[in-house]
Amino acid sequence: MNFYDRIIEWFAKSRLGGWLFVNVFTHIDRRIMKWTNGRFSTGFGSRFQQNALLLTCIGAKSGQERDIPLVFAWSGDDIILIASRAGHDKNPAWYYNLRANPDCTVRVNGQVIDCTATQVTGDERTRRWQEAVSVYSGYENYAERTDREIPVFVLSPRA
């Protein structure tokens, strides 16, 4: 990891950085990533850019499409998402959206991929969590900030 990536990761792990990524950069990335099919985000030039996607899911209450920029990890053809919300005590809204409507779409690296989301538990959750932490160690910091077990999703491409 280069110096720039270390600075961004350090900042993102902080309470202020986590808050900014969840509450400010999300609104900017939502537009940039939609226009570019996930090629660019505010993390341009960093590891966040390489591991950022735009999740499109259906709102659990509204029934409307919702776009959420997220950090992810590849696991073969599958995508791992961590519902950390930067260590907040409540799950992010997209967690409830995927639970209610698991069919979703991701924009990543210029591709649009239709997926089905599954929340994983037990040993599989532990394994997938470790894969995600290898991409972004901040998840460990977020887990220490909250009493909830942070949910882990696996998105599998639909044929």
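The structure this text deals with has already been given above.
What you see is a predicted model; the values in this text were computed from it and never measured. (Residues numbered from 1 in each chain as written. Predicted model: local features only at pLDDT ≥ 70, side-chain atom pairs only at ≥ 80, totals over all residues. Heavy atoms only, no water.)

Give a detailed account of helix H4 (residues 93–100), specifying residues and quantitative values.
Side chains that are three or four residues apart share a direction in an α-helix, a result of its 3.6 residues per turn. Among the residues making up H4, those that are buried are Trp 94, Tyr 95, Asn 97 and Leu 98. Here the buried residues of H4 occupy an arc of 165° about the axis, which is enough to place them on one side. Across H4 from its buried face, at more than 90 degrees, point the exposed residues Ala 93 and Arg 99. (Buried < 20%, exposed > 50% of the residue type's maximum accessible area, 1.4 Å probe, protein only. Helix = DSSP H or I, 4+ residues; strand = E, 2+ residues; numbered from the N terminus. Arc of directions from axis to C-beta.)

Mind laying out unusual backbone geometry, listing which residues take part and the relevant values?
Of note in the backbone geometry, Arg 85 takes a positive phi value of approximately 50° without being a glycine. Turning to its location among the elements, Arg 85 is positioned in the loop between strand S4 (78–82) and H4.

Tell me about the environment of Thr 146, and please be specific about residues and values.
Looking at where Thr 146 falls in the secondary structure, it is placed in the loop between helix H6 (138–145) and strand S7 (152–157). For the pair Thr 146 and Gly 87, spaced 59 residues apart in sequence, the C-alpha separation works out to 5.6 Å. When neighbours within four sequence positions are excluded, Thr 146 is seen to be in contact with Gly 87, His 88 and Asp 89. There is a polar contact of 3.1 Å between the side chain of Thr 146 and the side chain of Asp 89. A polar side-chain atom of Thr 146 sits 3.3 Å from the main-chain amide nitrogen of Arg 148. (Contact = heavy atoms within 4.5 Å. Polar contact = N/O pair within 3.5 Å; in protein donor to acceptor, adjacent residues only side chain to side chain.)

Before we move on, could you go through the sheet that holds strand S2 (residues 65–71) and cite the residues and values that matter?
Here seven strands make up an open sheet; going across it, the order is S2-S1-S5-S6-S7-S4-S3 and the pairing antiparallel. Single-partner strands in this sheet number two, and they are S2 and strand S3 (73–75). The mean inter-strand angle of the sheet, taken between neighbouring strand axes irrespective of direction, is 35°. Alignment of strand S1 (residues 52–58) against S2, held across seven bridges, turns out to be antiparallel. Within the sheet, the bridge partner assigned to Ile 58 lies in S2 and is Glu 65. Where H4 meets the sheet, its contacts fall on S1, S2, S4, strand S5 (103–108), strand S6 (111–120) and S7, and the angle it forms with S1 comes to roughly 55°. (Pairing = 2+ DSSP bridges. Axes fitted to C-alpha atoms, helices over the stretch in contact; angles between N-to-C directions.)

Which residues make up the pairing of S1, and what values do they have?
S1 sits mainly inside the fold: six of its seven residues count as buried. Taking the residues that link successive antiparallel strands as the turn, the S1-S2 hairpin has six residues, and the phi of Gly 63 there is positive, at about 75°. Strand direction decides the pairing type here: S1 and S5, joined by three bridges, are antiparallel. Its bridge partner lying in S5, Thr 56 is registered against Thr 105.

Describe in detail the state of the cysteines, supporting the description with residues and values.
Evaluation of the coordinates by the stated rule reveals zero disulfides. Left without a disulfide partner, Cys 57 is nearest to the cysteine sulfur of Cys 104, which lies 7.0 Å away. By relative accessible area, Cys 57 is classed as buried at 1%. Cys 104 supplies the cysteine sulfur nearest to Cys 115, a cysteine that is in no disulfide, at a spacing of 5.2 Å. For Cys 115, a relative accessible area of 0% puts it in the buried group. (Disulfide = S-S within 2.5 Å.)

Outline the pairing of S7, supporting the account with residue identities and numerical values.
Regular strands have side chains that alternate between both faces of the sheet. When S4 meets S7, the two strands line up antiparallel, connected through four bridges. Paired with Ile 80 across the bridge in S7 is Val 154. Pairing between S6 and S7: six bridges, direction antiparallel. Looking at S7, one finds that Thr 116 is bridged to Ser 156.

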